[in-house]
Amino acid sequence: MDQQNTKNFFQTQIDQLINLFKTEISVLKKAFQAAKILTMQSSVQKNNLDQLSQHFDQGEKEIDQATKKLDDDLASLKEELSTVKYPFSKK
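An account of the accompanying structure is given in this report. Nothing here was measured: the structure is a model prediction, and the numbers come from that model.

### Section: the pattern of salt bridges
Part 1 of the reasoning: Applying the stated criterion to the full structure yields 3 salt bridges.
Part 2 of the reasoning: Linking Asp50 and Lys46 is a salt bridge whose minimum nitrogen-to-oxygen distance equals 3.3 Å. Of the two residues, Asp50 and Lys46 both sit in helix H1 (residues 2-83), 4 residues apart, roughly one turn of that helix.
Part 3 of the reasoning: Across the pair Asp73 and Lys69 runs a salt bridge, and its minimum N-O distance is 3.4 Å. With Asp73 and Lys69 both in helix H1, this residue pair falls 4 residues apart, about one helical turn.
Part 4 of the reasoning: The partly exposed category is assigned to Asp73, whose relative accessible area is 34%.

### A look at the packing of aromatic side chains
Part 1 of the reasoning: According to the stated counting rule, one finds 1 aromatic pair in the structure shown.
Part 2 of the reasoning: Arranged with centres 5.6 Å apart and planes meeting at 65°, the rings of Phe9 and Phe10 form a pair that is edge-to-face.
Part 3 of the reasoning: Under the relative-accessibility criterion, Phe10 is labelled partly exposed at 49%.

Parameters and conventions
- Residues numbered from 1 in each chain as written.
- Predicted model: local features only at pLDDT ≥ 70, side-chain atom pairs only at ≥ 80, totals over all residues.
- Heavy atoms only, no water.
- Salt bridge = Lys/Arg side-chain N within 4 Å of Asp/Glu carboxyl O.
- Helix = DSSP H or I, 4+ residues; strand = E, 2+ residues; numbered from the N terminus.
- Buried < 20%, exposed > 50% of the residue type's maximum accessible area, 1.4 Å probe, protein only.
- Phe/Tyr/Trp six-rings, centres within 6.5 Å; stacked < 30°, edge-to-face > 60°.

As structure tokens, this is what we get:
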């Protein structure tokens with residue numbers, strides 16, 4: 001009977017260890033899967049940031065061009081206004 005009890009005890013312990021290992025393996029699989037997803041998302045996010053940076057650079061160039069055009073237009077208007085003869089005199 002002792003031999004049977006000992007066999008059952010060890011079998012129970014082995015079954016518990018196997019279940020613990022299965023649980024640990026499942027957790028590790030999920031952790032690796034999460035790391036893989038994060039790694040893939042990281043490259044997508046880097047690509048998105050690069051595109052956003054390019055968009056901002058393009059926007060900055062367009063703003064600089066518009067500012068230069070406005071400055072040129074303002075200078076041209078000032079020049080035209082300086083040549084206008086007023087029909088009345090200032091007192």
